[in-house]
Amino acid sequence: MSDAITRLGATLEGRYAIERELGAGGMATVYLAHDVRHNRKVALKVLRPELAAILGGERFLKEIQTTANLQHPHILPLHDSGEAEGIVYYVMPYVEGESLRDRLIKEKQLPVDDAVRIAAEVASALDYAHRHGVVHRDIKPENILLHDGSALVADFGIALAVSSAGGGTRMTETGMSLGTPHYMAPEQAMGEREITPKADVYALGCVLYEMLTGEPPFTGPTAQAIIARVMTEEPRSLTLQRHTIPPHVEATVLRALEKLPADRFGSAAQFAEALAKPELTLPAGASVVRTAAAAPAAAAPAPRRAALRHAMAAAPWVLLLGALGLLARELLRPSAAPPPIGRFAVKLAPEVTTGLTAQVLALSPDGSWIVFVGNPGSGDQLFSRSMDRVEPVPIPGTTGGTNPFFSPDGRWVGFNSGSRLLKVALAGGPALPICDTDGSFWGASWGDGDTIVFADGRGLMRVPAAGGLPVPVAAPDSASRESYRWPEFLPGGKAVLFAITTGSTDRLAAVTMAS
């Protein structure tokens, strides 16, 4: 043992006999000790010396007492605390078993029922503590112990004690931080002074995500990289990674992982209640309002009809998406002289050719980028081109991609590849899965509410842009052999315009989205 621990053992002689080191964490080293007075094993945790020097032992011990009275079946209690020759320690029961981290290392992914049960038990502990004014601030698999299979949350209030004792503003001096990047809520990662119970709800969502999929929702090579992803990216769909996860469990996790605290569950109890629901309540289907294709055009003033005719003549039905968008804008815009038509050339690399076998072109909302389908000889691929440059650039990870479409902010490009719907950042990065399709695909549109509507053999489907299980919006009449194609969100995002095709007959229709 080190000299410091030898001194500690000597100081605590008659009370605790240190047997061996169990492990070390960001703030403390843990030892197995024997509680001489009560003849029992305990876990004795010693604060790192540099942290103890910053906090001051007396102040830390005063703050930690606020958690000493927490009594709950899923909270590991605090037995004792003290200071000996500048060494600050606190004592908790020694739990025979393993931590959740130990189990994840062995199994990687837990059975769904086990993961949900453990999360519900931790949520129960968090709800109790929150109602008593204590926020954990460092929920992670290392701090969840498994005793006879049941969860025990350890180190309750330790991070709060560190912060309250003054460590929160000087942790950088020790190279440590309050919280763990993989499980930090965005507001915690940004260093907000007031951390609410919703930060614990977020962290528990991360832990459940990891129990189900094998890794936290956001990973990276450095803490800075992880925090950057926490702040800017959406978690990947759980069901796309593991199809046995019930939809209501995925919905619960994703709500807990919302960036804004106001969008998360109001309490840990609500989190647990959502996990207990037998099924996810899917949006109710909406009735389809059908109109003949000729009717909108007849109602439009002559200049608008001419613009629509030019658009329709310039693109076959495979490019109807653009024409539908033009129709929507023209019908909803006040009468005005038609704008002049701009023309530009797209220069293709010598080995790239395009074909009209699918929707091949997408224009960014601000008009500064185009993305199109090219064929480099080994299959389709997406290419991008800025309007201020001539040369197109292949988009990595989009081999086999067709039917491109932009996100409303122009930062992402969605596309279809085989039987999958994916998205890729225009600035670069891996292609991320959104959902599976039924193998057919007839266009998609990305709405302002980060919802994507796409058409396949099932009809119109919608799915969160972050990924998830697609749900029906409208289904075609199979008896008349209808199919729905080329959806386009109307302004406001409450309705979708699309084409109904029945062989040689094509019509336009609109569907109101259920809230």
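Residues numbered from 1 in each chain as written. Predicted model: local features only at pLDDT ≥ 70, side-chain atom pairs only at ≥ 80, totals over all residues. Heavy atoms only, no water.

A. Expanded view of the pattern of salt bridges. Across all of its chains, the model carries 15 salt bridges by this definition. Residues E121 and R117 are paired through a salt bridge, measuring 3.3 Å at the closest nitrogen-oxygen approach. One end of the pair, E121, and the other, R117, are both in helix α5 (residues 112-131), four residues apart, so they sit about a helical turn from each other. Connected via shared salt-bridge partners are R103, E107, D114, R117 and E121. (Salt bridge = Lys/Arg side-chain N within 4 Å of Asp/Glu carboxyl O. Helix = DSSP H or I, 4+ residues; strand = E, 2+ residues; numbered from the N terminus.)

B. Representation of the pairing of strand β11 (residues 369-374). With respect to burial, β11 is a largely interior element, five of its six residues being buried. Strand direction decides the pairing type here: strand β10 (residues 361-363) and β11, joined by three bridges, are antiparallel. Its bridge partner being in β11, L361 is matched across the sheet by F372. Here β10 folds back onto β11, and the loop between the two strands holds five residues, one of which, G367, carries a positive phi near 75°. In terms of strand pairing, β11 meets strand β12 (residues 381-386) through six bridges, oriented antiparallel. Paired with F372 across the strands is F383, a residue of β12. (Buried < 20%, exposed > 50% of the residue type's maximum accessible area, 1.4 Å probe, protein only. Pairing = 2+ DSSP bridges.)

C. Fine view of a negative patch on the surface. Taken together, the side chains of E234, E258, D263, D409 and D450 present a region of like negative charge at the surface. Along the chain, E258 falls in the loop between α11 (247-256) and α12 (268-276). Judged by relative accessible area, E258 falls into the partly exposed class, the value being 30%. (Patch = residues over 30% accessible without salt bridge, like charges linked within 9 Å, V, L, I, M, F, W, Y side chains within 5 Å. Areas by Shrake-Rupley, 256 points an atom, 1.4 Å probe, with all protein chains shown as cover. Lys, Arg positive; Asp, Glu negative; His and termini not counted. Charge placed at Lys NZ, Arg CZ, Asp CG, Glu CD.)

D. Main features of helix α3 (residues 57-64). When we look at burial in α3, the residues that qualify are G57, F60, L61 and I64. Looking down the long axis of α3, one finds its buried residues gathered within 95° of arc, a one-sided arrangement. Set apart from the buried face of α3 by more than 90 degrees, the exposed residues are E58 and K62. (Arc of directions from axis to C-beta.)

Geometric values such as these leave the question of function open.
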